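Single-letter residue listing:
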Amino acid sequence: MATTRTTTKPPKNPAPAPVEPAPCQPCGGTGNVAITVRVGRKRRPVGQQDGLCLNCLGEGTDPNA
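Reference entry: report on the structure contained in this document.

Each helix and strand in the chain was counted, giving 0 helices and 2 strands. Across its three principal directions, the C-alpha atoms of the chain cover 95 × 20 × 15 Å. By the burial criterion, 12% of the 65 residues in the chain qualify as buried. Summarising the internal contacts of the chain: among those between residues at least 6 apart in sequence, 39% fall at separations of at least 24. About 6,100 Å² of surface is accessible on the chain, with carbon and sulfur atoms providing 53% of the total. Once the 8 positive and 4 negative side-chain charges of the chain are each reduced to a mean point, those two points are 5 Å apart.

Time to look at the pairing of strand β2 (residues 44–52). In the sheet, strand β1 (residues 32–39) pairs with β2 via 8 bridges, with the strands oriented antiparallel. Bridge pairing in β2 links T36 to Q48. Between β1 and β2, which pair antiparallel in sequence order, lie 4 residues; one of them, G40, sits at a positive phi of approximately 85°.

If you look at the biggest cluster of nonpolar residues, it comprises 5 residues: C24, C27, V33, C53 and C56. Each residue touching C53, except ones within four places of it in the same chain, is listed here: C24, P26, C27, G31, V33 and G58.

Positioned with a positive phi, R43 is a non-glycine residue whose angle comes to about 55°. Locating R43 in the fold gives a position in the loop between β1 and β2.

This part is about the environment of A22. With respect to the helices and strands, A22 occurs in the segment before β1. Look at A22 and you get partly exposed, because its relative accessible area is 34%. Sequence separation of A22 and E59 is 37 residues, and the distance between their C-alpha atoms is 11 Å.

Calculation rules
- Residues numbered from 1 in each chain as written.
- Predicted model: local features only at pLDDT ≥ 70, side-chain atom pairs only at ≥ 80, totals over all residues.
- Heavy atoms only, no water.
- Helix = DSSP H or I, 4+ residues; strand = E, 2+ residues; numbered from the N terminus.
- Buried < 20%, exposed > 50% of the residue type's maximum accessible area, 1.4 Å probe, protein only.
- Contact = heavy atoms within 4.5 Å.
- Areas by Shrake-Rupley, 256 points an atom, 1.4 Å probe, with all protein chains shown as cover.
- Lys, Arg positive; Asp, Glu negative; His and termini not counted.
- Charge placed at Lys NZ, Arg CZ, Asp CG, Glu CD.
- Pairing = 2+ DSSP bridges.
- Core = buried A, V, L, I, M, F, W, Y, C linked by side-chain atoms within 4.5 Å.

Written as C-alpha cells, this is what we have:
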C-alpha cells in the first residue's frame with residue numbers, strides 16, 4: 001500500500017516577482033501636468049489648471065520602460 005503525502009512539493013521554478021513600471025517623468029506618475037492659462041490680447045498668464053500628460057496619456061507609467 002502506498003503512503004499518502006501530507007505536504008506538497010515546492011515548485012521547481014518559482015514565479016518571478018512582478019515588476020512595477022517606472023513612473024512617468026513629466027507628470028511624476030499622476031497623469032496630470034500643470035497647464036498655464038492665458039487670457040487677453042497680450043496673452044498674459046493668469047493661473048494654472050490640470051491637463052493630461054501627453055507623454056504617458058494619463059496612465060502615469062513611463063512608456064519607454
